[in-house]
Amino acid sequence: MAGRRWGLVAGYVAAVVVVVVTVVPLLFVVLGGFRTNGQLNTDPAGLPGPWVWDNYRSVVTSPDFWRFLGNSALIAVIATVLAVGLGSMAAFALSRYVFKGREAVYVLFTLGLLFPLGVATLPLYLWLRQLGLLENPLGVAIPEAAFSLPVTIVILRPFMHAVPGELEDAAVLDGASRLGFFWRIMLPLSAPALTTVSVLAFVTSWNAYLLPLLVFNDSAHFTLPLGVATFQSQYSQDTARVLAFTALSMVPALGFFVVAQRRIVGGLTGSVKG
Amino acid sequence: MAAPAPPRPLARTVHSAPRRPARRRGRTRLELVLLLGPALVLFTGFVLVPIGIAVYYSLYSWNGFGPLTDFVGFQNYADAFGGAVFRGAIWHNVVIAVLSIVIQLPLSVGIALLLDRKLKGRAFLRMVVFAPYVLSEAITAVIWLLMLQPNGFVDELLRGVGLGGLVHQWLADPGIVLYTLFVVMTWKYLGFGIILLLAGLQGVPPELREAAALDGATSWQTTRHVVLPLLGPTIRIWIFLSVIGSLQLFDLVWIMTLGGPANASTTMASYLVDHGFKRYEFGFGSAVAVVLFAICFVFALVYQRFALRRDTAGALTRAVS
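Residues numbered from 1 in each chain as written. Chains lettered and ligands numbered in written order. Predicted model: local features only at pLDDT ≥ 70, side-chain atom pairs only at ≥ 80, totals over all residues.

## Let's talk about the overall build of chain B
- A count of helices and strands for chain B gives 13 helices and zero strands.
- For chain B, the sequential pattern of α-helices and β-strands runs α-α-α-α-α-α-α-α-α-α-α-α-α.
- Counting over 321 residues, chain B shows a buried share of 38%. (Helix = DSSP H or I, 4+ residues; strand = E, 2+ residues; numbered from the N terminus. Buried ≥ 20, exposed ≤ 12 C-beta atoms within 10 Å, placed from the backbone.)

## Focus on the overall build of chain A
- In terms of helices and strands, chain A carries 14 helices and zero strands.
- Beginning at the N terminus, the succession of helices and strands in chain A can be written as α-α-α-α-α-α-α-α-α-α-α-α-α-α.
- For 274 residues, the compact-globule estimate of 2.2 N^0.38 gives 19 Å, and the C-alpha radius of gyration of chain A, at 24 Å, exceeds that figure by more than 25%.
- Seen through its principal axes, chain A has C-alpha atoms that stretch 75 × 70 × 35 Å.
- Within chain A, the proportion of its 274 residues that are buried is 46%.
- Long-range pairs, those at least 24 residues apart, make up 78% of the contacts in chain A between residues at least 6 apart in sequence. (Rg over C-alpha atoms; globule rule 2.2 N^0.38 Å. Contact = placed C-beta atoms within 7 Å.)

## Remarks on the interface of chain A and chain B
- Taken together, the contacts link 92 residues of chain A with 91 residues of chain B.
- For the side of chain A that touches chain B, the element with the most residues is helix α1 (residues 2-32) of chain A, which contributes 15 residues.
- Of the residues that constitute the side of chain A that touches chain B, the class distribution is 66 nonpolar, 22 polar and four charged. (Nonpolar A, V, L, I, M, F, W, Y, C, P; charged D, E, K, R; others polar.)

## Overview of the confidence of the model for chain A
- With 94% of its residues at a pLDDT of 70 or more, chain A has an overall mean of 88.
- Here helix α14 (residues 261-273) of chain A stands out as the least confident element of chain A, with mean pLDDT 59; helix α4 (residues 63-96) of chain A is the most confident, with 95. (pLDDT = per-residue confidence, 0-100.)

## Describing the nonpolar core
- Of all hydrophobic cores here, the largest spans 164 residues; its most connected members are Ala90(A), Leu149(A), Val142(B), Val288(B) and Leu292(B).
- Take this core: its biggest share by element is 15 residues, from α4(A).
- When residues no more than four places from it in sequence are discounted, the contact partners of Val142(B) are Val228(A), Ala229(A), Gln232(A), Thr246(A) and Ile255(B). (Core = buried A, V, L, I, M, F, W, Y, C linked by C-beta atoms within 7 Å.)

## Things to note about the confidence of the model for chain B
All names here are of chain B.
- The predicted model of chain B averages 84 in pLDDT, with 89% of residues at 70 or higher.
- Low confidence marks residues 1-17, where pLDDT is under 50. Its contacts with residues over four positions away, or in another chain, come to 18 contacts.
- Scored by ipTM, the complex comes to 0.88, with pTM at 0.86.

## Some points on the packing of α4(A) against helix α10 (residues 191-207) of chain A
Residues and elements named next belong to chain A.
- Viewed as axis vectors pointing N to C, α4 and α10 meet at an angle of 140 degrees, and their least axial separation amounts to 8 Å. Put simply, α4 runs oblique to α10. α10 is crossed by α4, and the crossing has right-handed handedness. On the side of α4, the interface is formed by Ser72, Ile75, Ala76, Ala79, Thr80, Ala83, Val84, Gly87 and Ser88, while α10 contributes Leu194, Val197, Ser198, Ala201, Phe202, Ser205 and Trp206.
- Taken together, the residues of the contact of α4 with α10 sort by class into 10 nonpolar, six polar and no charged. (Axes fitted to C-alpha atoms, helices over the stretch in contact; angles between N-to-C directions. Parallel < 35°, antiparallel > 145°, perpendicular 65-115°, else oblique. Left-handed = near helix turned anticlockwise from the far one by under 90°.)

This is the structure in structure tokens:
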């Protein structure tokens, strides 16, 4: 069938074009990190020749990069634990208990899906100032957890709801309390959904820029996105080093993505599409 | 499981509250407080309260320090809408949203349709296509900022393939900068759309295509009249996410242009941060925040009502497996 073969050819052509367009900017950054500023100026689109390791070496040996990385990790872990911990408890209550006002509480949480963090930043900033949480990792992690609660609950609730009531009855007959059922049976059963919401909360926090920008003034507290942007403006004359710094800061996100690819793609497409 | 499932009537006595003695009901209430309380406190304290006080602050002229004394009513709102820069910012958000729907959507659908066949290296392809979406906007912004330097990588590449005439001051020309930002956004978010649509295409039963082919439909007719309508829910969700994202655009703008040159790329969010934090106009900034929120909210409600109604029940509540 000629039609099908042409379709296949068109598919491959589209694939190659998309891959090239996607990869070229990433290669520019990674390879640019192996060049000198002189090389970059005389031939911006060239390959390294000779290859220099100095840029990468200076980034890896300076404390800045590792500190930003550590700060990002700390904040993302706190935000994820808070969001998933409290979110799974709330989702359990909203899916397995019958009480007055249950749907109202659920709708309240789903409304949160419409509130972008950006809208709340100004008063949030003043609020954090009042609480003494400026220049504090918790000042970023706690609001991020709060803003991750809606999607966590929206994904977990139907999942927990679908666990058969017979399992709960059996657990109760065996002498478990409902909280015991939650802890020993519901949470392990929800592992796939918990992974998905954890990945979502973690990635959201890891990539956040606006909130850390407002909360942190002291570069000792900077997260990676904030650090990359600041490094770029600080060393704008030293393009090669900025490229190396940027290349290295892509590594955690891309590495994590390669490892958790199925979860991330499934989580993101699943959370919006089902 | 060894024991057979208990019969249904027994299950009912376990579940229904009214038949329980008072002590058990008290215990249930305590459990509910324990389970729901912390999440409600966190959510109320850091999502609802800040949005509520934004509305309150927006009625005052306030620099963020000292008591709120200078009540100005709706003056901040009048000032915001009276200023050409803020109106321009809203316009820029709208342009980005419209461009996304007019350009990114057909592009994603087209590419997804082309990729939706048994190509070799599918897994690799999916991974590469999705990669920019995983990077933060901050990193994306820095990458493109460096590539778009005058006489930099992009210019050199264009000259190299004989398109030197296209070279522009990508970020310094007020007539171009918004479109430059749009291209960067497309690079970052196209993959997400493609993956979303590919997932949607998996849901199209092959029997339907076969049936259409048996009835003599050409492959274009099958795509147009069978596949595309079935992609409807995915496309509607994509539009929703894309518009909300366009309305909130901040990171890219702030790092690449700070809203410049001459406010040519200011967005509502960058305007908000500029006035609220750089100029300490907290009352005015709050008014801008409330406007931004109101626009998102109204869009979400209207869109929900007219486009998503059929899908959202499933889209927002269905389990992820």
